[in-house]
Amino acid sequence: MTSRPRLATDVNYVNGLAALALFVVMAYVFMTSDVSAPAGFADGSIVASIGYAMFDMLDQGAIEAEGFLVAFIVIALVLDAALDGAVMLARREDDEQSVTALADGGFLSRTKETSSERRSDGDSLLGRNDGEDAGSSDDGGDD
Amino acid sequence: MAIESQYYLLLSAAIFCIGVYGILTRQNALLFLMSVELMLNAANINLVAFSFYHGNLTGQVFSLFTMALAAAEVAVGIGIVLVLYRNFEDIDVTKAATMRW
């Protein structure tokens, strides 16, 4: 199942020229523009000011910023939704054997093997197949 | 002595174009995810550079939120790659040509 890494030979280098052309255009525009010297930050702790800006306590920060409390809440909800989405996507359709190590990404569950063969195969992938027959039940599984 | 802002923009453009290059040339879904991350982080460099340019911390705080959004995106993306592997036994993005199978 596993194989050593090989150099990719199916790379489409011609399409990559578009990215190179994009970089040339962007570099030309940036280097020919006259940008004045950066203003820089006022004296004071930048990290503390970031923390105050994140929680809408702008009067305590040394450096000017905007409040981000609403964005903070929204990003918390988005991360929660992403976690739920990832779990939903990773869950198997036939939810009967979900404890074994998914060293194969769930590929073997689609083949016609029995669950005991699958379990011993997972053990061999983990390197501990020392004399264990397929019927033993010492895997701490859910059966 | 501060670095001039053009060089931040040049670095950002270079990283962004490396991401575009990866998306245009590769067919592996995981490499797609990595390339999208490069493009997102190029935008972060621009945010931080212009934050310093204007002397306002808004760009730096916003780049933190962009990083959190990138984490959420990767979580969903890896879930999609897992489903792709389960259904096609491969993570070549050109094999999944339909929305439904």
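Residues numbered from 1 in each chain as written. Chains lettered and ligands numbered in written order. Predicted model: local features only at pLDDT ≥ 70, side-chain atom pairs only at ≥ 80, totals over all residues. Heavy atoms only, no water.

### Details of the confidence of the model for chain B
Next, step 1: Residues with a pLDDT of 70 or more make up 98% of chain B, whose mean pLDDT is 91.
Next, step 2: We note a pTM of 0.74 for the whole complex and an ipTM of 0.86 for its interfaces. (pLDDT = per-residue confidence, 0-100.)

### A few points about the side chain of Thr25(B)
Next, step 1: Mapped onto the elements of the fold, Thr25(B) is located in helix α1 (residues 5-25).
Next, step 2: Residue Thr25(B) is classed as buried on the basis of its relative accessible area, which comes to 2%.
Next, step 3: Look past the residues within four positions of Thr25(B) in its chain and what remains in contact with it is Asp10(A), Val11(A), Asn12(A), Tyr13(A) and Gly16(A). (Helix = DSSP H or I, 4+ residues; strand = E, 2+ residues; numbered from the N terminus. Buried < 20%, exposed > 50% of the residue type's maximum accessible area, 1.4 Å probe, protein only. Contact = heavy atoms within 4.5 Å.)

### Quick notes on the interface of chain B and chain A
Next, step 1: Tallying the contact residues gives 44 residues for chain B and 50 residues for chain A.
Next, step 2: Both sides of the chain B and chain A interface together cover about 4,200 Å² of buried area, and 73% of this is carbon and sulfur.
Next, step 3: Along the contact surface separating chain B from chain A lie 9 residue pairs in polar contact (both at pLDDT 80 or more).
Next, step 4: Considering every element that reaches the side of chain B that touches chain A, the biggest residue donor is helix α3 (residues 58-88) of chain B, with 19 residues.
Next, step 5: Each residue belonging to the side of chain B that touches chain A can be placed in one class, and the counts come to 29 nonpolar, 12 polar and 3 charged. (Buried area = accessible area lost by both parts, 1.4 Å probe. Polar contact = N/O pair within 3.5 Å; in protein donor to acceptor, adjacent residues only side chain to side chain. Nonpolar A, V, L, I, M, F, W, Y, C, P; charged D, E, K, R; others polar.)

### Description of the pattern of salt bridges
All names here are of chain B.
Next, step 1: Within this structure, the stated rule accounts for 1 salt bridge over all chains.
Next, step 2: Residue Lys95 is joined to Asp90 by a salt bridge in which the shortest nitrogen-to-oxygen separation is 3.2 Å.
Next, step 3: Looking at Lys95, the relative accessible area reads 47%, which means it is partly exposed. (Salt bridge = Lys/Arg side-chain N within 4 Å of Asp/Glu carboxyl O.)

### Quick notes on unusual backbone geometry
Next, step 1: Within the chain, Asp56(A) stands out as a residue other than glycine whose phi angle is a positive 65 degrees.
Next, step 2: Phi is positive for Glu89(B), which is not a glycine, with a value near 55 degrees.
Next, step 3: Counting through the fold element by element, Glu89(B) comes out in the segment after α3.
Next, step 4: Residue Glu89(B) is classed as partly exposed on the basis of its relative accessible area, which comes to 44%.

### Quick look at the packing of helix α2 (residues 29-54) of chain B against α3(B)
Residues and elements named next belong to chain B.
Next, step 1: The N-to-C vectors of α2 and α3 enclose an angle of 175 degrees; their axes lie 10 Å apart at closest approach. As judged from the angle between their axes, α2 and α3 are roughly antiparallel.
Next, step 2: For the contact of α2 with α3, a count of residues per class yields 14 nonpolar, 7 polar and 2 charged. (Axes fitted to C-alpha atoms, helices over the stretch in contact; angles between N-to-C directions. Parallel < 35°, antiparallel > 145°, perpendicular 65-115°, else oblique.)

### A short note on the nonpolar core
Next, step 1: Membership of the largest hydrophobic core is limited to 12 residues, which are Phe41(A), Ile50(A), Ala53(A), Met54(A), Ile63(A), Ala65(A), Phe68(A), Ile75(A), Leu57(B), Val61(B), Phe65(B) and Ala68(B).
Next, step 2: Listing elements by their share of this core, those giving two or more residues are α2 (46-54) of chain A together with α3 of chain B.
Next, step 3: Ignoring sequence-local partners within four residues, the contact set of Phe65(B) consists of Met54(A), Phe68(A), Ala71(A), Phe72(A) and Ile75(A).
Next, step 4: Of all hydrophobic cores here, the second largest spans 6 residues; its members include Ala29(B), Val81(B), Tyr85(B) and Ile91(B). (Core = buried A, V, L, I, M, F, W, Y, C linked by side-chain atoms within 4.5 Å.)

### Quick notes on the packing of helix α1 (residues 13-32) of chain A against α1(B)
Next, step 1: Contact geometry for α1(A) and α1(B): axes closest at 8 Å, N-to-C directions at 165 degrees. Looking at the two axes, α1(A) sits roughly antiparallel to α1(B). Judged by the sense of rotation from one axis to the other, the crossing of α1(A) with α1(B) is right-handed. Two secondary-structure elements touch here, α1(A) through Tyr13(A), Asn15(A), Gly16(A), Ala18(A), Ala19(A), Leu22(A), Phe23(A), Met26(A), Ala27(A), Phe30(A) and Met31(A) and α1(B) through Gln6(B), Tyr7(B), Leu9(B), Leu10(B), Ala13(B), Ala14(B), Phe16(B), Cys17(B), Val20(B), Tyr21(B), Leu24(B) and Thr25(B).
Next, step 2: Its residues assigned to classes, the contact of α1(A) with α1(B) shows 19 nonpolar, 4 polar and no charged. (Left-handed = near helix turned anticlockwise from the far one by under 90°.)

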